[in-house]
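This is what each chain is made of:
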Amino acid sequence: MKNKQKNMENPFIFGSATSGKWFTDRTEDAKRLLNNFMHGINTIIISPRRWGKTSLVLKVSDQANKSDLHLKIVNMDIFPCRSEEDFYQLFATEVIKQTATKWEEWTENVSRFLSGLVPKISLGANPATDFTLSFDFSNKHLNEEILDLPKKIAQKKGIRIVVCIDEFQQIEEFTDAKNFQKTLRSAWQLQTQDVTYCLYGSKKHLLSALFSKQSMPFYKFGDVLFLQKIPLNDWIPYIQERFEKTDKFISSELASMICQAVDNHSSYVQQLAWLLWVRTEQRATESDFNDALQDLLNQNSALYYNFTEELTLIQMNFLRAIVDGVHHQFSRKDILLKYNLGTSANVSRVRKSLEQKELIDISPKMITFNDPVFRLWFKKTIFIRQK
Ligand SMILES: Nc1ncnc2c1ncn2[C@@H]1O[C@H](COP(=O)(O)OP(=O)(O)OP(=O)(O)O)[C@@H](O)[C@H]1O
Ligand SMILES: [Mg+2]
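An account of the accompanying structure is given in this report.

Conventions adopted
Residues numbered from 1 in each chain as written. Chains lettered and ligands numbered in written order. Predicted model: local features only at pLDDT ≥ 70, side-chain atom pairs only at ≥ 80, totals over all residues. Heavy atoms only, no water. Helix = DSSP H or I, 4+ residues; strand = E, 2+ residues; numbered from the N terminus. Buried < 20%, exposed > 50% of the residue type's maximum accessible area, 1.4 Å probe, protein only. Areas by Shrake-Rupley, 256 points an atom, 1.4 Å probe, with all protein chains shown as cover. Pairing = 2+ DSSP bridges. Axes fitted to C-alpha atoms, helices over the stretch in contact; angles between N-to-C directions. Parallel < 35°, antiparallel > 145°, perpendicular 65-115°, else oblique. Left-handed = near helix turned anticlockwise from the far one by under 90°. Contact = heavy atoms within 4.5 Å. Nonpolar A, V, L, I, M, F, W, Y, C, P; charged D, E, K, R; others polar. Core = buried A, V, L, I, M, F, W, Y, C linked by side-chain atoms within 4.5 Å. Phe/Tyr/Trp six-rings, centres within 6.5 Å; stacked < 30°, edge-to-face > 60°. 1 Å grid on protein atoms, 1.4 Å probe; cavity = no way out; pocket = protein on both sides within 12 Å on 5 of 7 lines; lining within 4 Å. Points joined across faces, edges and corners; volume = space filled by probe spheres on them.

**A word on the overall build of the chain**
Stage number 1. In terms of regular secondary structure, the chain is built from 16 helices and nine strands.
Stage number 2. Along the first, second and third principal axes, the C-alpha atoms of the chain reach 70 × 65 × 35 Å.
Stage number 3. For the chain, with 387 residues in total, the buried portion stands at 49%.
Stage number 4. In the structure as shown, the chain presents an accessible area of about 19,400 Å², 51% of it carried by carbon and sulfur atoms.

What follows is the structure, given as structure tokens:
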């Protein structure tokens, strides 16, 4: 019976942030992030989609919260926020909720640190952890108090607080976004003794613009961690171990083929490994692998058709060039001609729009597809057809 239960365990995880035994490698990144947390250095994490930013932050947060380092990590995801008001509300709620150990403490913190106004508190099923706060936002003073909350709580408790904000690029959507960024930056830079920030999100080009442009308020705000892919050497033993734990077997060659097919992309490695695992009775075979890869393409096919339907001919041509192995110098005469890209002015427009659609990743050295499975699909379905 025990054995059966063990077999039922899900060996691979994708689609949401991962942790525990599903988390592999990233030892150097985790060390660097924990060090920044401990020594009060703000961190910005940047990577293309689904490489593992959220998983890394949650893992290190968990590690720090369990340690004796006098650190408290507060994690929040501001994806649902559409305005400054939403932000303040979520920020206050999460800081209060995650720094208190019992509900008496959070009510005390609310009345002690958010003076003047009595916020509306709505309780959920479990009042100790499940509540939201709402405020009257006509009071500007209250906003300042909310931004100061982590500092006040840190000082009261004699600890350092680290506030990690996921999907931080969301603040670009607020009205008067730049002014709001200025407000945040000036408040946060006065808190360095007690509070550290870790900012990250899923839209690489927006985040990069927030932190790397001199004209932006968050320019040089902290240590920028450009997360890399998990290397093949770590993926292979991970995949083999996950198979073995469930009494199945995969050779290192096949494990390596999984990674190579999806270009070591974290989420897709897990998804393709899962599709192969499901098909495997005991020992994974190459034909199972081919079927699993086809499954992966089929599952995404409708989505990819939608992507391409929205593209202009010249955008499609640009993608064709990438699939064909062109990764830079798109404005070279022969490339413009070969792929029908028009003028070099066209090329820079196309680059920008494909980046905004998050279909391509532009790094200083090269332009690549953001999604390796879309690349594969494009190559099989569109590229071949056009040739
Ligand atoms: N360290 C890791 N070990 C194993 N798998 C991982 C690891 N990090 C990420 N993954 C895989 O990648 C998937 C995406 O991870 P995560 O959500 O953390 O990425 P992200 O960069 O935050 O994504 P997004 O850009 O969408 O916010 C996870 O569900 C998991 O399958
Ligand atoms: Mg994420």
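Let us keep going from here.
**Here we look at the pairing of strand 2 (residues 71-77)**
Stage number 1. Burial analysis of strand 2 places five of its seven residues in the buried class, the great majority of the element.
Stage number 2. Inspection of the sheet shows strand 2 paired to strand 5 (residues 160-166) by seven bridges, in the parallel sense. By the bridge assignment for strand 5, asparagine 75 is matched with cysteine 164.

**Concerning the packing of helix 4 (residues 84-99) against helix 7 (residues 177-188)**
Stage number 1. The contact between helix 4 and helix 7 brings their axes to 12 Å, and the two run at 30 degrees. Accordingly, the angle class assigned to the pair helix 4 and helix 7 is roughly parallel. Between helix 4 and helix 7 lies a crossing of right-handed hand. Residues Glu84, Phe87, Tyr88 and Phe91 of helix 4 lie in contact with helix 7, whose contacting residues are Phe180, Thr183, Leu184 and Trp188.
Stage number 2. A per-class count over the contact of helix 4 with helix 7 returns six nonpolar, one polar and one charged.

**Details of the nonpolar core**
Soluble, globular proteins show a tendency: their nonpolar side chains are buried together.
Stage number 1. In this structure, Ile239 and Phe318 are the most contacted members of the largest nonpolar core, which totals 55 residues.
Stage number 2. If one sorts the elements of this core by residue count, helix 11 (residues 266-279) sits on top with seven residues.
Stage number 3. In this view, isoleucine 239 contacts Phe12, Ile250, Ala255, Ile258, Cys259, Val269 and Ala273; residues no more than four positions away in its chain are not counted.
Stage number 4. Formed by 45 residues, the second largest nonpolar core is a distinct cluster that contains Ile146, Ile165, Ala187 and Leu207.

**Observations regarding helix 10 (residues 252-261)**
Stage number 1. Taken together, the buried positions of helix 10 are occupied by Leu254, Ala255, Ser256, Ile258, Cys259 and Ala261.
Stage number 2. Phi for aspartate 263, located one or two positions after helix 10, is positive at around 55 degrees.

**Looking at the packing of aromatic side chains**
Stage number 1. Enumeration over the complete set of coordinates arrives at 27 aromatic pairs.
Stage number 2. For the pair phenylalanine 168 and phenylalanine 218, a centre-to-centre distance of 5.5 Å together with 85 degrees between the ring planes defines the contact as edge-to-face. Separated by 50 residues along the polypeptide, phenylalanine 168 in the loop between strand 5 and helix 7 and phenylalanine 218 in the loop between helix 8 (204-212) and strand 7 (223-226) bring together distant segments of the chain. Pair check on accessibility: phenylalanine 168 and phenylalanine 218 agree, each one buried.
Stage number 3. Ring geometry for tryptophan 235 against tyrosine 238: centres 5.7 Å apart, planes inclined by 65 degrees, an arrangement best described as edge-to-face. Of the two residues, tryptophan 235 and tyrosine 238 both sit in helix 9 (residues 232-245), three residues apart, roughly one turn of that helix.

**Considering the layout of surface pockets**
Stage number 1. By volume, the largest pocket amounts to about 1,200 Å³.
Stage number 2. Elements represented by at least two residues in the lining of the largest pocket include exactly helix 8, strand 7, helix 10, helix 15 (344-356), strand 8 (360-362), strand 9 (367-369) and helix 16 (372-386).
Stage number 3. For the lining of the largest pocket, the class distribution of residues is 19 nonpolar, 13 polar and eleven charged.

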